[in-house]
Amino acid sequence: MTYDTIVVGGGFAGLRCARDLTAAGQSVLLLEGGERLGGRAYRRRSATSPSLDVEIGGAYIHRHHHPRLAAELDKYRVRTEPAPEATVFRNRLGPGSHDSAFPIPVEEAAEAEAGLYRLLSDAHRIDVEAGLDTQGLEDLDVPLLTYIDSLKLPPVTRQLVLSWGWNMMGQPVTEASALWALQFVAAHGYSVLGVVLSLDEVISDGTTALVEAMAAEVPDIRMQAVVESVHQGARSAEVVVRGGEVLVARDVVIATPLNTWRTIRFDPPLPPDRASVVAEGHGCRGLKILVQVTGAPEGISCTGDGVFPTLYDYMPAEDGGRILVAFTDCSSFDPTDREAVEAAVHHYLPEVTVVGVDCHDWSSDPLFLGAWVSPKVGQFSKVHKALGESYGSVHFAGSDVSLRFPGYLEGALETADRVVEEILRKRQDH
Ligand SMILES: Cc1cc2nc3c(=O)[nH]c(=O)nc-3n(C[C@H](O)[C@H](O)[C@H](O)COP(=O)(O)OP(=O)(O)OC[C@H]3O[C@@H](n4cnc5c(N)ncnc54)[C@H](O)[C@@H]3O)c2cc1C
């Protein structure tokens, strides 16, 4: 049988492509390499509180910034609720106490404003729909630390920006690209605070609720089908699955993480403009670590100069303690090192007892090879827009190649719309 389209990857991008192409009357097969759907939206039993479910990957949403996601949630009547409110602050942002929601001291306000004004002006140079390689932005594609230092921010503001920069980039600020951080600011309505405030809501019954609702409208899904190669012919493409089975379709959608594309053999090879980025991979090694503790107050929020740049409340644990969420990266931190976890937590909260640690290392999982997308310095000012462009009958979707909202659930949905449109337009033309 020749399918109209084979979609590879069962995250939100692949699910939306497969569902919407099916709804448009196309025959579609969805191939997922793993044992579950949802990809980096991953809710599972907690390793430290086994009666509870936790989000190991993407969790936080913002209805204004994520309109497609909001529409999906409404379509399936999937409920959302506010993310846990931060009410108790224990920041480490330099000498003095900065334990408040807005920790910039009044004596820094004028200098902070001047530095942040420059940051916002640079962000305003970015057209978030155009691709970062088409806008003469090379001068901003420098290490984030170098860029932040050039803003001459006063000390508390500088540390605040560094800490959130590390959290959001998922790699050390010496290696992350300032251009990517500015892209995040641009995507959030050209607002620095907007990036942080977008951690606004969570899905009440978990991301699984939405994954299952979408998957119910995709009739043909095959699990544990790891795609190893794609061969394009004149009229169709062959998709080879681990084990040797060959499946045939008029079009193929690759909706797997960018860093996995190097594990798929493309014939003919990927166009040279993007092959080098694909071979090298982007630089995100982000770690989201769930730390169960006793003795921490509800609503705790810590930001600062620790190896966890951010550490904040997530949910009550089953033993009456709290589960906190920490962000860092796996080249700076080993989450299996219990003493290191305790030291990192005690940096902010010396009085708490660490009960257990729960984490998924996305960077060493062969179906992901990284967390959310975050380029290395010099990558995306050279090659960006082309990463999501089709060649022949192969199309590319997924949050990693979103222009508008990369690194977010919303970005995955956005790219699905582009690919569905590409394929349906092609059908009309033939
Ligand atoms: C720790 C973490 C925290 C995050 N926090 C947030 C957040 O708070 N808010 C937010 O909006 N976003 C967040 N994100 C980002 C968000 O989760 C992702 O951008 C989004 O889920 C990606 O969806 P996708 O469909 O593009 O790819 P994925 O969800 O990665 O789906 C790709 C699928 O392809 C499959 N696959 C891979 N290789 C193959 C192959 N060869 N053959 C077949 N199948 C294959 C994978 O198993 C996977 O199921 C976070 C991500 C991580 C990792």
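Parameters at a glance
- Position labels on residues start from 1 in each chain and follow its written sequence.
- Selection of residues for local features in this predicted model requires a pLDDT of at least 70, selection of side-chain atom pairs for listing and counting requires 80 or more, and totals for whole chains, interfaces and linings are taken over all residues.
- Heavy atoms throughout the structure, all of them, feed into the side-chain values; hydrogens and water do not.
- Helix numbering and strand numbering both begin at the N terminus, where a helix is a DSSP run of H or I of at least 4 residues and a strand a DSSP run of E of at least 2.
- Three exposure classes are used, based on accessible area relative to the maximum for each residue type with a 1.4 Å probe and protein chains only: buried under 20%, partly exposed in between, and exposed over 50%.
- Any two residues whose heavy atoms approach within 4.5 Å are treated as being in contact.
- Residues adjacent in sequence count toward polar contacts only when both atoms are side-chain atoms; beyond that, a polar contact is any pair of N or O atoms within 3.5 Å, and within protein one must be able to donate a hydrogen and the other to accept it.
- Pairing of aromatic side chains requires ring centres within 6.5 Å, counting the rings of Phe and Tyr and the six-membered ring of Trp. Pairs whose planes differ by under 30 degrees are stacked, by over 60 edge-to-face, and all others tilted.
- Here, a charge over a ring means that NZ of Lys or CZ of Arg falls within 6 Å of the ring centre while also lying within 35 degrees of the ring normal.

Chemist: Looking at this structure, how should I read unusual backbone geometry?
Modeler: Pro-268 follows Asp-267 through a cis peptide bond whose omega is 0°. Relative to the elements of secondary structure, Pro-268 occurs in the loop between strand E12 (265-267) and helix H9 (272-280). You will see that Arg-77, though not glycine, has its phi angle at about 55°, which is positive. As for its position among the elements, Arg-77 is in the loop between helix H2 (67-75) and strand E5 (80-82). Despite not being glycine, Gln-224 shows a phi value in the positive range, around 50°. Considering the arrangement of structural elements, one finds Gln-224 in the loop between strand E8 (221-222) and strand E9 (227-232). According to the relative accessible area criterion, Gln-224 is exposed, its value standing at 56%.

Chemist: How should I be thinking about helix H6 (residues 178-187) in this particular structure?
Modeler: Two residues of an α-helix separated by three or four positions point the same way, owing to the 3.6 residues in each turn. With 10 of 10 residues buried, H6 is to be regarded as a mostly interior element. All of the buried residues in H6 are Ala-178, Leu-179, Trp-180, Ala-181, Leu-182, Gln-183, Phe-184, Val-185, Ala-186 and Ala-187. On the buried face of H6, the contacting elements are helix H3 (109-123), helix H4 (144-150), helix H5 (155-169) and helix H7 (192-197). If you check the start of H6, you find a side-chain oxygen 3.1 Å away from the backbone N of Leu-179, and it comes from Ser-177. Looking one or two residues past H6, Gly-189 carries a phi angle of roughly 70°, positive in sign.

Chemist: Is there a simple way to think about the side chain of Thr-80 in this case?
Modeler: Along the chain, the position of Thr-80 falls in strand E5. A distance of 3.1 Å separates a polar atom in the side chain of Thr-80 from a polar atom in the side chain of Arg-63. Looking at Thr-80, its side chain comes within polar contact range of the side chain of Glu-201, at 3.2 Å. Excluding anything up to four places from it in sequence, Thr-80 contacts Ile-61, Arg-63, Leu-73, Glu-201, Val-202, Ile-203 and Ser-204.

Chemist: I tried to follow the packing of aromatic side chains on my own but got confused; where do I start?
Modeler: Counted by the stated rule, this structure contains 12 aromatic pairs. Centre to centre, the rings of Trp-180 and Phe-380 are 5.2 Å apart; their planes meet at 80°, and the pair counts as edge-to-face. Pair noted here: Trp-180 is in helix H6 and Phe-380 is in the loop between strand E17 (353-359) and strand E18 (394-396), with a separation of 200 residues, a long-range link. There is no split in this pair, since Trp-180 and Phe-380 are both buried. The cationic tip of Arg-36 hangs over the ring face of Tyr-42; the distance from NZ or CZ to the ring centre is 3.5 Å.

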